[in-house]
Amino acid sequence: MTQEVKEIFGSALAAKVRTLGPSMTRSMHRVAEAVAADPAGCAALTVTGLAERTGTSEATVVRTARLLGYPGYRDLRLALAGLAAQQQSGRAPAITTDIAVDDPIADVVAKLAYDEQQTLADTAAGLDTAQLGAAVAATASARRIDVYGVGASGLVAQDLTQKLLRIGLIAQAHSDPHLAVTNAVQLRSGDVAIAITHSGATGDVIEPLRVAFEHGATTVAITGRPNGAVAQYADHVLTTSTARESELRPAAMSSRTSQLLVVDCLFVGVAQRTYETAAPALAASYEALAHRHRR
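Residues numbered from 1 in each chain as written. Predicted model: local features only at pLDDT ≥ 70, side-chain atom pairs only at ≥ 80, totals over all residues. Heavy atoms only, no water.

## Focus on the overall build of the protein
Filter applied, for reference: Starting at the N terminus, helices and strands are each numbered in turn, a helix being any DSSP run of H or I of at least four residues and a strand any DSSP run of E of at least two. Here's how the labels work: a residue is buried when its accessible area is under 20% of the maximum for its type, exposed when over 50%, partly exposed in between, all with a 1.4 Å probe on protein chains only. Note on contacts: a residue pair is in contact if any heavy atoms of the two residues lie within 4.5 Å. Accessible areas in this description were obtained via Shrake-Rupley with a 1.4 Å probe; residue shielding takes into account the shown protein chains only.
Within the protein, the regular secondary structure consists of 13 helices and seven strands. Looking at the protein as a whole, 47% of its 295 residues qualify as buried. In the protein, the share of contacts with a sequence separation of at least 24, taken over all contacts with a separation of at least 6, comes to 71%. Surface summary for the protein: the accessible area is close to 14300 Å², and the carbon and sulfur share equals 55%.

## Side note on the pattern of salt bridges
Our working rule: By definition here, a salt bridge exists when the distance from a side-chain nitrogen of Lys or Arg to a carboxyl oxygen of Asp or Glu is within 4 Å.
All told, the structure shown has six salt bridges when counted by the stated rule. Between D38 and R53 there is a salt bridge, with the nearest N and O atoms lying 2.9 Å from each other. Taken together, the residues D38 in the loop between α2 (26–37) and α3 (39–43) and R53 in helix α4 (residues 47–54) connect sequence positions 15 residues apart. Among the residues examined, D38 registers a relative accessible area of 26% and is labelled partly exposed. Since its relative accessible area comes to 44%, R53 is described here as partly exposed. With a closest N to O distance of 2.5 Å, D159 and K163 form a salt bridge. Taken together, the residues D159 and K163, both in helix α9 (residues 152–166) and four residues apart, mark about one turn of the helix. Accessibility expressed as a relative area gives 22% for D159, which makes it partly exposed.

## Some words on the environment of K111
Structurally, the position occupied by K111 is in helix α7 (residues 105–126). Residue K111 is classed as buried on the basis of its relative accessible area of 4%. Separated by 12 residues in the primary sequence, K111 and I99 have C-alpha atoms spaced 7.3 Å apart.

## Some thoughts on helix α11 (residues 203–214)
Under the convention used in this document: By this rule, a helix spans an expected 1.5 Å times one less than how many residues it contains.
With 12 residues, α11 extends 16 Å between its outermost C-alpha atoms, agreeing within 8% with the 16 Å of an ideal straight helix rising 1.5 Å per residue. Listed in full, the buried residues belonging to α11 are V205, I206, P208, L209, V211 and A212. The inward-facing, buried residues of α11 abut β3 (145–148), α10 (177–184), β5 (192–197) and β6 (218–223). Just downstream of α11, G216 is the residue with a positive phi angle, here 95°.

## Section: the packing of α4 against helix α5 (residues 58–67)
Our working rule: Where helices are involved, their axes are fitted lines through C-alpha atoms of the stretch in contact, as for all axes, and angles between N-to-C directions lie from 0 to 180°. Roughly parallel means an angle under 35 degrees; roughly antiparallel means over 145; roughly perpendicular covers 65 to 115; every other angle is labelled oblique. Polar here means any residue outside two lists: the nonpolar Ala, Val, Leu, Ile, Met, Phe, Trp, Tyr, Cys and Pro, and the charged Asp, Glu, Lys and Arg; Gly therefore counts as polar.
Contact geometry of α4 with α5 gives a least axis separation of 8 Å together with a crossing angle of 100°. The orientation of α4 relative to α5 falls into the category roughly perpendicular. On α5, the residues touching V47, T48, L50 and A51 of α4 are E58, V61 and V62. Here the contact of α4 with α5 is composed, by residue class, of five nonpolar, one polar and one charged.

Take a look at the structure:
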């Protein structure tokens, strides 16, 4: 292929750095970038050495390690050493995903396929399974489920509600902000409201979630910005990967891949939890539509 090649980290650590980057302070981001760029070099440093190398403090290094999911800096160093060993094992380089206007279509396919794969890996690595489990439990027992999303996120909202309807749950997707708010007013304790917004700042999604939150519903945010405005009205936050934005593929489009993974995880968890009723409902929906596929 004609595109430039470079080595990409495939580990959960590097995925977490990419996913959690937007929620880090500038000094924490310097530490995270350093360990992602040079795991072998950083693994050889003490906490003081890494703080000096990044122009930060020992406390910042420790906070960064904890944000990345490690109890302390010692555990991060061990992970870095393991990652460095993987790099030295001769892994094949990966392609870059920047798509040029004059790229051959074969290159476009390869780049998009790689980008999708990496986005899914990043999302899986950064997804908080405790938050996911709590969202599953609330959704599985909900009297009613409202899902809010506009634009590309609205398509994901529709996908989730269609899945939930097929296992017998009462779910609605709302892309009209006025209808979303008027429906949110009707929610109560025992109901669930789910907001899907990559930016975490979409007003048309945040407003109905706020109304649902204030009326006692359990609220869930699926977002690429866990510290965004939407999170203040969310009981549970499910973080998606920070999409790799390009001129021909803006974040609003590429973020849909990670959102669909989270939606699938949520749905399968709910189906598992309600299996005795979900399985017959799925079978019935398949049977009801079977004659349309035989035409």
